[in-house]
Amino acid sequence: MTVNLEGSARTRALGRRIADLLRPGDFVGLVGELGAGKTLLSRSICEALGVPRERIASPTFAIVHPYDGGRIPIHHADLYRVEDYDELYATGFLDLVSEGSALIVEWIDRIPEAAPAEWLRIELEHVSPQARSARITGFGPRGEELARALAPS
Ligand code: ADP
Ligand code: MG
């Protein structure tokens, strides 16, 4: 399924819809070139979960960030600078899902082995300076359920 995101307000709205559906242990992997809107979508999900805005905005160079204070525990990871699976393993990232956190992961295509059996994949594409598109795919029962719930009715 592909959704048109004309203007960043549409990306924020998609983030709100995802946030409403998310449960502890859910995994959302984001794919897309620089500027495709991965970080905006990640932040929009966290904001809609109720994570305080100042926490989301604070810059950090860590691979994995905990975002406390929202409706469910959530971590955000950016794999852009991660070399390989071993480096990611060392961060403890892979334990977070079983510990009951939801995860939003930018650049999941850099370390595809990091994706679990059930997950939601969102591929963002730069359509024009003012527009993006999102191709939404679900893997495993939970991923498919999330993808179906995001389909425009
Ligand atoms: P990435 O993390 O994929 O590199 P960002 O989330 O930082 O991309 O977004 C890059 C720029 O694109 C930001 O200025 C953001 O506001 C803008 N942007 C994101 N989504 C959209 C959209 N749907 N329409 C127009 N601009 C967007
Ligand atoms: Mg980014």
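Reading guide: rules and limits
Residues numbered from 1 in each chain as written. Chains lettered and ligands numbered in written order. Predicted model: local features only at pLDDT ≥ 70, side-chain atom pairs only at ≥ 80, totals over all residues. Heavy atoms only, no water. UniProt positions renumbered as here; feature names shortened; annotations may be inferred. Near = heavy atom within 4 Å. Polar contact = N/O pair within 3.5 Å; in protein donor to acceptor, adjacent residues only side chain to side chain. Areas by Shrake-Rupley, 256 points an atom, 1.4 Å probe, with all protein chains shown as cover. Helix = DSSP H or I, 4+ residues; strand = E, 2+ residues; numbered from the N terminus. Nonpolar A, V, L, I, M, F, W, Y, C, P; charged D, E, K, R; others polar. Pairing = 2+ DSSP bridges. Axes fitted to C-alpha atoms, helices over the stretch in contact; angles between N-to-C directions. Contact = heavy atoms within 4.5 Å.

As annotated in an unreviewed UniProt entry, the protein is tRNA threonylcarbamoyladenosine biosynthesis protein TsaE from Vulgatibacter incomptus. On record in UniProt, under Subcellular location (unreviewed entry), the comment for the protein is "Cytoplasm". Its UniProt record, at the heading Sequence similarities (unreviewed entry), says of the protein: "Belongs to the TsaE family."

**Side note on the site of ligand 1**
Close to ligand 1 lie 16 residues, the nearest being Thr11, Gly35, Lys38, Thr39 and Leu40. Take leucine 5: an N or O atom from its main chain is 3.0 Å from a nitrogen atom of ligand 1. Backbone polar atom of serine 8 to a nitrogen atom of ligand 1: 3.3 Å apart, as the coordinates give it. Look at ligand 1: alone it shows 570 Å² of surface, and the protein chains cover 74% of it. For the shell around ligand 1, the secondary-structure elements that each account for two or more residues are α1 (8-21), α2 (38-48) and β7 (131-139). For the shell around ligand 1, the element with the highest residue contribution is α2, accounting for 3 residues. Grouping the amino acids of the shell around ligand 1 by side-chain chemistry returns 5 nonpolar, 7 polar and 4 charged.

**Some thoughts on the sheet that holds β7**
Ordered by their spatial adjacency, 7 strands build an open sheet running β1-β7-β6-β2-β5-β4-β3, and the pairing between neighbours is mixed. Each of the sheet's edge strands pairs with one partner strand only, and the pair in question is β1 (2-6) and β3 (64-67). The mean angle between the axes of side-by-side strands here comes to 20 degrees, regardless of whether they run parallel or antiparallel. The strands touched by α1 within the sheet are β1, β2 (27-31), β6 (119-128) and β7, with β1 carrying the most contacts at an inclination of about 135 degrees. Together, β2, β3, β4 (74-78), β5 (102-106) and β6 form the strand contacts of α2, whose direction differs from that of β5 by roughly 165 degrees.

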